[in-house]
Amino acid sequence: LAYVHPLQSCGPNAAGSAMEACGYDLTTTTRAGYRVPADDLMTEWFNNPRNYPLMRAAGIDPEREPNNRHARLYPLCVRELWGIRATWLTGFSAVMAIRHLRRSGTVQACLSPPGHYIALVGYDEATWELIGNDSWTTRPRTPALPPRGFNFRLTEAERNSLVAEAVFYYPLGELGDAG
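Residues numbered from 1 in each chain as written. Predicted model: local features only at pLDDT ≥ 70, side-chain atom pairs only at ≥ 80, totals over all residues. Heavy atoms only, no water.

1. Side note on the overall build of the protein
The number of helices and strands found in the protein is six helices and eight strands. Relative to its full complement of 179 residues, the protein shows a buried share of 46%. Within the protein, counting contacts between residues at least 6 apart in sequence, those at least 24 apart form 58% of the total. Of the roughly 9,000 Å² of accessible surface on the protein, a fraction of 50% belongs to carbon and sulfur atoms. (Helix = DSSP H or I, 4+ residues; strand = E, 2+ residues; numbered from the N terminus. Buried < 20%, exposed > 50% of the residue type's maximum accessible area, 1.4 Å probe, protein only. Contact = heavy atoms within 4.5 Å. Areas by Shrake-Rupley, 256 points an atom, 1.4 Å probe, with all protein chains shown as cover.)

Here it is, written out as structure tokens:
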């Protein structure tokens, strides 16, 4: 199998982190006992040509552009793999994230630049600071976007760099999801 594009793992990592923070058990174990990480399964789903018709139906041609960079495909991916419902939103803002986080949901959001997905998993009610998980802990340091890690508070620059589309994940059981 030849891969059309190399895929980064920040999107699948952020999606997995967001779903696990909502209470979902994404554990998949092979018959031999190997535990397959959720982000690996999502990356394989994005790379599998059998899923290309689904992606094209959603408006993304995976043979022309890296499909895991498109937030609109993550709800489709997680529904296909785990039966979890998620919502792709445009017109996304930090205020929308805080409202969703208040209801115990999580958000897969993208910072731009550099075009990098993180999971928003909480917020500080006193300061309205968003709290996120970032799998790219070795990201090159810049004044606006230093490498972060897990349960970090977004800087004002990071909050202002959120792309206007995101994926909302809902607490386990809220939408009748499998889990």
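Picking up after the structure, the text goes on.
2. Points about the side chain of His-116
Looking at the secondary structure, you find His-116 in strand β5 (residues 116-124). When its relative accessible area of 3% is taken as the criterion, His-116 is described as buried. At 2.6 Å, the side chain of His-116 and the side chain of Asp-134 are in polar contact. (Polar contact = N/O pair within 3.5 Å; in protein donor to acceptor, adjacent residues only side chain to side chain.)

3. A word on the nonpolar core
Core analysis: the biggest nonpolar cluster contains 29 residues, and Met-19, Met-42, Val-78, Trp-82 and Tyr-169 have the highest contact counts within it. Counting only elements with at least two residues in this core, the list comes to α1 (10-21), α2 (38-47), α3 (52-57), α4 (74-82), β5 and β8 (165-169). Sequence-distant contacts of Val-78, defined by excluding residues within four places in its chain, comprise Met-19, Met-42, Gly-83, Ile-84, Ala-86 and Tyr-169. By size, the runner-up hydrophobic cluster in this structure holds 18 residues, among which are Ile-98, Leu-111, Leu-130 and Phe-168. (Core = buried A, V, L, I, M, F, W, Y, C linked by side-chain atoms within 4.5 Å.)

4. A closer look at helix α5 (residues 94-102)
Turning to α5, its buried residues number three or more, namely Ala-94, Ala-97, Ile-98, His-100 and Leu-101. In a view along the axis of α5, the buried residues occupy a sector of 165 degrees, so they form one face of it. Buried residues belonging to α5 abut β4 (106-111), β5, β6 (129-133), α6 (156-160) and β8. Phi turns positive one or two residues past the end of α5, at Ser-104, with a value near 70 degrees. (Arc of directions from axis to C-beta.)

5. Some words on the confidence of the model for the protein
Interpretation of this model should avoid reading the predicted coordinates in detail wherever pLDDT is low. For the protein, the average pLDDT comes to 87, and 87% of its residues sit at 70 or higher. Ignoring residues within four places in sequence, the model shows residues 1-7, a span with pLDDT below 50, making 18 contacts including any to other chains. (pLDDT = per-residue confidence, 0-100.)

6. With respect to the packing of α2 against α4
One can describe the packing of α2 onto α4 by two numbers: an axis separation of 10 Å at closest approach and a directional angle of 110 degrees. As far as their axial angle goes, α4 and α2 are roughly perpendicular. Helix-helix and strand crossings are classified by hand; for α2 and α4 the assignment is right-handed. From α2, Ala-38, Leu-41, Met-42, Trp-45 and Phe-46 reach across to α4, where they touch Tyr-74, Leu-76, Cys-77, Val-78, Glu-80, Leu-81 and Trp-82. (Axes fitted to C-alpha atoms, helices over the stretch in contact; angles between N-to-C directions. Parallel < 35°, antiparallel > 145°, perpendicular 65-115°, else oblique. Left-handed = near helix turned anticlockwise from the far one by under 90°.)

7. Thoughts on the side chain of Thr-106
Note on placement: Thr-106 falls in strand β4. Of note is the side chain of Thr-106, whose polar atom sits 2.8 Å from the backbone oxygen of Ala-18. The residues touching Thr-106, leaving out its near neighbours within four places in the chain, are Ala-18, Met-19, Ala-21, Cys-22, His-100, Leu-101, Leu-120, Val-121, Val-167, Phe-168 and Tyr-169.

8. Examining the sheet that holds strand β7 (residues 150-153)
Strand pairing in a sheet relies on backbone hydrogen bonds. The paired strands run either parallel or antiparallel. Reading across from one edge, β3-β8-β4-β5-β6-β7 is the order of the six strands in this open sheet, with antiparallel pairing throughout. Only two strands of the sheet have a single neighbouring strand rather than two, namely β3 (86-90) and β7. When strand polarity is set aside, the average angle formed by the axes of neighbouring strands in this sheet is 35 degrees. Bridge analysis of β3 against β8 gives five bridges, and the strand direction is antiparallel. Bridged to Trp-88 within β8 is Val-167. The strands that α1 touches are β4, β5, β6 and β8; relative to β5, the one it contacts most, it runs at about 25 degrees. Of the strands in this sheet, β3, β4, β5, β6 and β8 touch α5, which is tilted by about 60 degrees from β5. (Pairing = 2+ DSSP bridges.)

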